[in-house]
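# A closer look at the structure
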Amino acid sequence: MGFSKDNLTGFILALLSSGFIGASFIIKKKGLRRAAAASGVRAGMGGHAYLLEPLWWFGMITMIVGEVANFVAYAFAPAVLVTPLGALSIIVSAVLAHFILKEKLHKLGILGCVMCIAGSVIIVIHAPQERSISSIQEIVNMATQPAFLLYVGSVMVLVFILIFYFAPQYGHTNVLIFTGICSLMGSLSVMSVKALGTALKLTFEGRNQLIYLETWFFMFVVATCVITQMNYLNKALDTFNTAIVSPIYYVLFTTLTIVASIIMFKDWDGQSAGSIISEICGFIVVLSGTILLHVTKDFERSSSFRGNYTPLSPTLSTRLCSGNGESLKHDVEEGPSSEEYLQIGYFKFTLDDVTIC
């Protein structure tokens, strides 16, 4: 299917967005590590030293640039096209984590990256064209459909359950808790971003939509959802391995966003069965690639732990195996002999939150 001018613009912006966002994960995590080393208190233990760390702020700026590009992309192209291109952020994140953070990427993980790219290409080729919207009222009518209201209600109930019940008990040991909250809120933020972006696009074209209260309501929803996403994304990044957080976040976020977009914007209306099946197949390929990344990363980390266990000093070994929150308090006498040992203690045995002022 040929690209319209709007779809092509959205496609290019989505590619740029994914590159910036993927890099921001690594920059922010480097900033978190540097701040923790300087202050002696990790963000996950209640420290806020990272707010004074220029590298962390540079990562935030990089992410904001990526999000702005993503925001504009949704105003030009359907979510079914824009969202799957987030797979590129997985590639950028995993590759940079391998070289910069020394989080080893298994050879099968490289295959997973290739599968993510291949699946995204299939989705892009068969993506639907952006439907024409002439006013914010049209979007409000879409947002108030019974089916979409049911989706919104279900998301809010799940988010509250995850935040107030599962996160305190399992958030530090199960990566799906923090990333699940991010993804659920993310699906609503994308719908609101698309609504707001379309309203601004119409305004710049001479049809002012800022006079309508609905436009400002969508802006409020975007701000609320994004703040929640950033908070729990920080928690996930600080607690778990970047090469695991990124693909899982992508899988959940993309799945939920596509479902929400299909319900609200009727993206599949008018498409042939062949195109829809091709999109689903492409998405399955992407999912398979991200799962492969997840599995091989766990394998690599487990192998590293087994291979490096013997050289640990007896005191450090005992403290790591105890699994308590003090395992990060290495003094000079029991310091690890390599960065890998620090990473094992940092990611595997520390189960603390990240907070944002």
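This structure is a prediction, so every number in the text was calculated from the model and none was measured. (Residues numbered from 1 in each chain as written. Predicted model: local features only at pLDDT ≥ 70, side-chain atom pairs only at ≥ 80, totals over all residues. Heavy atoms only, no water.)

### Things to note about the overall build of the chain
Summing up its helical and strand segments, the chain has 13 helices and 0 strands in all. For the chain, the N- to C-terminal ordering of α and β elements is α-α-α-α-α-α-α-α-α-α-α-α-α. Within the span of the chain, comprising 357 residues, buried residues form 52% of the whole. Taking the contacts inside the chain whose residues are at least 6 apart along the sequence as the reference set, 82% of them involve residues at least 24 apart. (Helix = DSSP H or I, 4+ residues; strand = E, 2+ residues; numbered from the N terminus. Buried < 20%, exposed > 50% of the residue type's maximum accessible area, 1.4 Å probe, protein only. Contact = heavy atoms within 4.5 Å.)

### Topic: the nonpolar core
The nonpolar side chains of soluble globular proteins are, as a tendency, buried together. Counting 64 residues, the largest nonpolar core has Met-191 and Met-264 as its most contacted members. Of all the elements in the fold, those that place two or more residues in this core are α1 (5-39), α2 (54-76), α3 (79-82), α6 (136-143), α7 (146-170), α8 (175-204), α9 (213-239) and α10 (242-265). The dominant element in this core, judged by the number of residues it contributes, is α8, at 14 residues. Here this core gathers at least three residues from each of two domains, domain 1 (1-128) and domain 2 (133-266). For Met-264, the contacting residues outside a window of four places in its chain are Ile-139, Met-142, Ala-143, Gln-145, Phe-148 and Met-191. Counting residues in hydrophobic clusters, the runner-up holds 15 residues, among them Val-80, Leu-105, Phe-283 and Val-286. (Core = buried A, V, L, I, M, F, W, Y, C linked by side-chain atoms within 4.5 Å. Domains from an automatic or database assignment.)

### A word on the environment of Ile-123
Tracing the chain through its elements places Ile-123 in helix α5 (residues 107-125). Residue Ile-123 is classed as buried on the basis of its relative accessible area, which comes to 2%. With residues near it in sequence (within four places) discarded, Ile-123 still touches Val-80, Pro-84, Glu-279, Gly-282, Phe-283 and Val-286.

### Concerning the confidence of the model for the chain
Overall, the predicted model of the chain reaches an average pLDDT of 79, with 80% of residues at or above 70. Of all the helices and strands in the chain, helix α13 (residues 339-348) carries the lowest mean pLDDT, 28, while α7 carries the highest, 96. Every residue in residues 308-357 scores below 50 in pLDDT, and together they form 90 contacts with partners more than four places removed in sequence or on other chains. (pLDDT = per-residue confidence, 0-100.)

### Description of the packing of aromatic side chains
Using the criterion set out here, one finds 9 aromatic pairs in the structure. Of the aromatic side chains, those joined through ring pairs into one cluster are Tyr-50, Trp-56 and Trp-57. One Lys or Arg, Lys-194, reaches over the ring of Phe-265 and ends 5.6 Å from the middle of that ring. (Phe/Tyr/Trp six-rings, centres within 6.5 Å; stacked < 30°, edge-to-face > 60°. Lys NZ or Arg CZ within 6 Å of the ring centre and 35° of its normal.)

### Regarding the packing of α1 against α9
For the pair α1 and α9, the least separation of the axes is 11 Å and the interaxial angle reads 70°. Between α1 and α9, the crossing angle belongs to the class labelled roughly perpendicular. By crossing handedness, the relation of α1 to α9 is classed as right-handed. Between α1, through Phe-25, Lys-28, Lys-29 and Leu-32, and α9, the contact on the second element is made entirely by Met-230, Leu-233, Asn-234, Leu-237 and Asp-238. (Axes fitted to C-alpha atoms, helices over the stretch in contact; angles between N-to-C directions. Parallel < 35°, antiparallel > 145°, perpendicular 65-115°, else oblique. Left-handed = near helix turned anticlockwise from the far one by under 90°.)

### Some details on a nonpolar patch on the surface
Side chains of Leu-8, Ile-12, Leu-16, Phe-20, Ile-61 and Val-65 sit close together on the surface and give an oily, nonpolar patch of about 520 Å² of accessible area. Contributing elements (two or more residues each) for the nonpolar patch: α1 and α2. For the nonpolar patch, the leading source of residues is α1, giving 4 residues. Mapping Phe-20 onto the fold places it in helix α1. (Patch = residues over 30% accessible without salt bridge, like charges linked within 9 Å, V, L, I, M, F, W, Y side chains within 5 Å. Areas by Shrake-Rupley, 256 points an atom, 1.4 Å probe, with all protein chains shown as cover. Salt bridge = Lys/Arg side-chain N within 4 Å of Asp/Glu carboxyl O.)

### Structural notes on the side chain of Ser-89
With respect to the secondary-structure elements, Ser-89 resides in helix α4 (residues 87-99). Relative accessible area serves as the criterion here: at 11%, Ser-89 is assigned to the buried category.

### Quick notes on the pattern of salt bridges
This structure, assessed with the given rule, holds 3 salt bridges. The salt bridge partner of Arg-34 is Glu-53, with a shortest N-O separation of 3.6 Å. Taken together, the residues Arg-34 in helix α1 and Glu-53 in the loop between α1 and α2 connect sequence positions 19 residues apart. Looking at Glu-53, the relative accessible area reads 10%, which means it is buried. The partner of Arg-207 in a salt bridge is Glu-205, with the nearest N and O atoms 2.9 Å apart. Residue classification places Arg-207 among the partly exposed positions, given a relative accessible area of 38%. With a relative accessible area of 47%, Glu-205 lands in the partly exposed category.

### A few points about unusual backbone geometry
You will see that Lys-266, though not glycine, has its phi angle at about 55°, which is positive. Inspection of the secondary structure assignment puts Lys-266 in the loop between α10 and α11 (273-308).

### Here's the deal with α6
An α-helical segment advances 3.6 residues per turn. Residues three or four places apart therefore align on the same side. Here α6 has its buried residues at Ile-136, Ile-139, Val-140, Met-142 and Ala-143. All buried residues of α6 fall inside an arc of 160° around its axis, so they share one side. (Arc of directions from axis to C-beta.)

### Let's talk about α7
Counted at 1.5 Å a residue, the expected span for α7 with its 25 residues is 36 Å, and the 33 Å between its end C-alpha atoms agrees. By the burial criterion, the buried members of α7 are Phe-148, Tyr-151, Val-155, Val-159, Leu-162, Ile-163 and Ala-167. (Expected span 1.5 Å × (residues − 1).)

### Brief notes about the packing of α8 against α9
One can describe the packing of α8 onto α9 by two numbers: an axis separation of 8 Å at closest approach and a directional angle of 150°. The angle between α8 and α9 places the two elements in the roughly antiparallel class. The way α8 lies across α9 gives a crossing that is left-handed. Here the contact of α8 with α9 is built from residues that sort into 17 nonpolar, 8 polar and 1 charged. (Nonpolar A, V, L, I, M, F, W, Y, C, P; charged D, E, K, R; others polar.)

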